[in-house]
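Summary of structural features
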Amino acid sequence: MTSRVIQGAVYLDDPSSVERFLSEIGPCTEIALDTEGASFHRFHDRIYLLQLSTREKSAIIDPLATASLPNLGNLLEDRSIQVVFHDADYDLRLLRQDYGWSVANIFDTRVAAQLLGIKSFGLAALLEQYFDVKLDKKHQRADWSMRPLPDDMLEYAAQDTRFLLQLRDHLEGELKARARLHWAKEEFSLLEETKWAEGADDDAFMRIKGARDLNQRELAVLRELAAWRDDAARDLDRATFRVIGNEALLEIARRAPKTMQDLTAVKGTPRALMERAGTQVLGAVRRGMEVPEAELPRFPKPLRWNKDADFDNRVVKLKAARDEAATRLNLDPGILCPREKLEAVARKNPRTIEEVASIDVLRRWQVEELGAAFVRALALRS
């Protein structure tokens, strides 16, 4: 095994050293895990670093040098082993994407903190609150795809799991003391299916900030420009905004330049990029301008529910009941029950707790805490 140790974590950059480390920590019943991606820098996001800790040992694994890691996957998918994350969503998506792993028996310290009503639930804030440890945030947007990784970046990475099991202990104890552990377990079980949707996202260009300010013709041009930018970013393996920014893309769509001179006059168009790919950009503009009127893109109309005249009034009543419960429970109202769930309840207009429980967007713990209050609120006359 490599002798390089960073902040008490052994750095592993070959398959045999990973296998030896995994054999040394087993059997175990809990493990803390974190991953580092590079979506701020790369088009193809993947795991560029894996950090894991048990009570006794920690490791930083370089997945670019350690192949498929089947035994680590077996460990993470073993339901007898609890895997502790902080803000698991992104990690779970990358683990599923890169390795096909479906992590079982999850504990997410971010979710736990939110369910306890802790307002500052970032990892740095929690570690400072519970352990008086101050994390250096300077590498939050670092390029983890670079090699070799300098020691200060590895030191930063090692901190992400070093205290995670102890943090879990504190939060789990508080959840038990406040009879909320079953809330957390329900949330954790739902995380197990987290993954990215399959298939191409053909409407991603519509989510570019500012796209709604364009007319349909400009939107057609933006669609072609966004497709060109994605292709260029894919070829360069560079984050899309590092190829050309959204503001410049929107301005090109508005102006629809026909010549290279017109194109380079647009603010924010990198000269070197335009010299290399300007003809492709102009081609994208031309394709957008040639889209037949009947085929121009348009934003889908928002779903319109057949709201009865009393719908908004019911939402107001439910919100009042939710806010009262949030105050009693010392929870953020949006964590307790966000507005879209209140609207789902208002549409159903339940008369009994059983009818509240039949609303599929509600968690069981939300029904437990809010069901009776919702029924009472909806029974009140305006």
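Below is a summary of the structure that appears in this document. Just so you know, these numbers come straight off a predicted model, no measurement behind them.

For the rest of this paragraph, the subject is the packing of helix H14 (residues 311-329) against helix H18 (residues 364-379). Between H14 and H18, the least distance of the axes is 9 Å, while the angle of their chain directions is 140 degrees. Of the two possible hands of crossing, H14 and H18 adopt the one that is right-handed. Listed contacts from H18 to Arg 314, Lys 317, Leu 318, Ala 321, Arg 322, Ala 325, Arg 328 and Leu 329 of H14 are Glu 369, Leu 370, Ala 373, Phe 374, Ala 377 and Leu 378.

This part takes up the sheet that holds strand E6 (residues 82-85). With mixed pairing, seven strands are arranged side by side in an open sheet as E1-E2-E5-E4-E3-E6-E7. Each of the sheet's edge strands pairs with one partner strand only, and the pair in question is strand E1 (5-6) and strand E7 (106-108). In the sheet, strand E2 (residues 9-12) pairs with strand E5 (residues 58-61) via four bridges, with the strands oriented parallel. Each residue of the ladder has a partner; that of Ala 9, found in E5, is Ser 58. Against the sheet, helix H1 (residues 15-25) engages E2, strand E3 (30-36), strand E4 (49-53) and E5, with an angle of about 145 degrees to E2. Its contacts with the sheet put helix H7 (residues 164-177) on E3, E4, E6 and E7, and the angle it makes with E3 is roughly 115 degrees.

The next subject is the nonpolar core. One finds Leu 50, Leu 72, Leu 76, Phe 85 and Leu 95 to be the most contacted residues of the largest nonpolar core, which totals 81 residues. Considering every element that reaches this core, the biggest residue donor is H18, with eight residues. Counting residues in each nonpolar core, the second largest holds 31 residues, with Met 206, Ala 226, Ala 233 and Val 243 among its members.

What counts, and where the lines are drawn
Residues numbered from 1 in each chain as written. Predicted model: local features only at pLDDT ≥ 70, side-chain atom pairs only at ≥ 80, totals over all residues. Heavy atoms only, no water. Axes fitted to C-alpha atoms, helices over the stretch in contact; angles between N-to-C directions. Helix = DSSP H or I, 4+ residues; strand = E, 2+ residues; numbered from the N terminus. Left-handed = near helix turned anticlockwise from the far one by under 90°. Contact = heavy atoms within 4.5 Å. Pairing = 2+ DSSP bridges. Core = buried A, V, L, I, M, F, W, Y, C linked by side-chain atoms within 4.5 Å. Buried < 20%, exposed > 50% of the residue type's maximum accessible area, 1.4 Å probe, protein only.

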